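What follows is each chain in one-letter form.
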Amino acid sequence: MILISPCTANFMNKLANGHGDDLLSTICLAFNKKIYIAPAMNPDMWNNKICQASIKKLIQNMSNFVIYDLETSDSALNFSQILEASFIVCNENLVELDRATFHARLNKTFIPNPGALMTNQVSVKRLKETNLSEYEMIKQIISFLSKCGKFISMGWNSSNFDRQICRASFWRSLEKPYIFNTEGNAEADLLHTCRTSH
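Below or above, wherever it landed, is the structure these notes cover. (Residues numbered from 1 in each chain as written. Predicted model: local features only at pLDDT ≥ 70, side-chain atom pairs only at ≥ 80, totals over all residues. Heavy atoms only, no water.)

Ranked by internal contacts, the top residues of the largest apolar core, which has 24 residues, are I82, F87, I141, F144, L145, F170 and F180. Mapped by element, the contributors of at least two residues to this core are β3 (64-72), β4 (82-90), β5 (96-103), α7 (134-146) and α8 (162-172). Here this core takes six residues from α7, the largest share from any one element. With sequence-adjacent residues up to four places away left out, I141 is seen in contact with A85, F87, F102 and F170. Residues I2, I4, F11 and M12 belong to the second largest nonpolar core, which totals eleven residues. (Core = buried A, V, L, I, M, F, W, Y, C linked by side-chain atoms within 4.5 Å. Buried < 20%, exposed > 50% of the residue type's maximum accessible area, 1.4 Å probe, protein only. Helix = DSSP H or I, 4+ residues; strand = E, 2+ residues; numbered from the N terminus. Contact = heavy atoms within 4.5 Å.)

Structure follows, in C-alpha cells:
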C-alpha cells in the first residue's frame, strides 16, 4: 500500500494521467497494489474542472464489484443460451452504483430445457415478447460492463457455469470472451468464498 499525504493538485493530476516524471510518480506507475491519496489544496483548485476530471479518473481506476446472475435455456453449456442477465455494480464499500437486467428472445437454433425454464421461471410468453436477439443483448451487456471501470466479477457458483456460458455467448457475438479476467478485471466465485470462510 502507498499513502500519499498530502497529495497536491499537481500530483493528483499526474497520477490520474499516468505521468512518471519524478521518483514518486514513477514508483506509483510501477506499483500494482492500492494507492491512497489525501488531497490537500484550496477549494478553488479542488473545484477546478481539470482536478474534478482527474478525481473521476482515479475513482474509475478503483476496482468495483460486479455481482451477476444468469437465467439460461439449459444447464448443458453447449446447448444453452442466456435468456436473462442481471448485474449489480458496487464500490469497494458495497454501496450500489448501478444495476441492469437484460433479456433476449430464444435463439431459433436452441430448444429450451423445460427443467431450466421451470427453475428460472422464465415463461414462454416472456421469451416471445422479448425483442432483443442474443447478439443484441450481448452488445448491451458489453456496453454496460465497459462503463464499470476495473471490476471484480462475482456470482454464485459462477466459475462452473455462468462464466463459461458468458464466454461462449460473448464469443458467438464476436465480443472478447475473457472480459471478466482481462484488462485489469478479476473473477471471484461467491460459493468458493463462502466455503473457505465457513
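Now that the structure is up, let's keep going.
Note: strand β6 (residues 151-155) against strand β7 (residues 186-189), four bridges, orientation parallel. Residue pairing across strands places M154 opposite A188, the latter belonging to β7. (Pairing = 2+ DSSP bridges.)

When two helices pack together, their arrangement is given by the angle between the helix axes and by the axis-to-axis distance. Between α7 and α8, the least distance of the axes is 9 Å, while the angle of their chain directions is 110 degrees. Between α7 and α8, the angle is such that the two are roughly perpendicular. Residue-level inspection shows E134, I138, I141 and I142 of α7 in contact with α8, the latter providing S169, F170 and R172. Of the residues assigned to the contact of α7 with α8, the class counts are four nonpolar, one polar and two charged. (Axes fitted to C-alpha atoms, helices over the stretch in contact; angles between N-to-C directions. Parallel < 35°, antiparallel > 145°, perpendicular 65-115°, else oblique. Nonpolar A, V, L, I, M, F, W, Y, C, P; charged D, E, K, R; others polar.)

Spatially, β5-β4-β3-β6-β7 is the arrangement adopted by the five strands of the open sheet, whose pairing is mixed. Since the sheet does not close on itself, it has two edges, and those belong to β5 and β7, each with one partner. Strand after strand, the sheet turns through a mean of 20 degrees between neighbouring axes, direction not considered. Sheet contacts for α7: β3, β4, β5 and β6; angle to β4, the most-contacted strand, approximately 5 degrees. With respect to the sheet, α8 is in contact with β3, β4 and β7, its orientation differing from that of β3 by roughly 80 degrees.

Let us now look at the pattern of salt bridges. Between side chains of opposite charge, a pair can form when the charged atoms approach closely. For the structure shown, the criterion picks out eight salt bridges. K14 is the salt-bridge partner of D21, the closest N and O atoms lying 2.9 Å from each other. The buried category is assigned to K14, whose relative accessible area is 13%. A single salt-bridge network, built from bridges that share partners, covers K14, D21 and D22. (Salt bridge = Lys/Arg side-chain N within 4 Å of Asp/Glu carboxyl O.)

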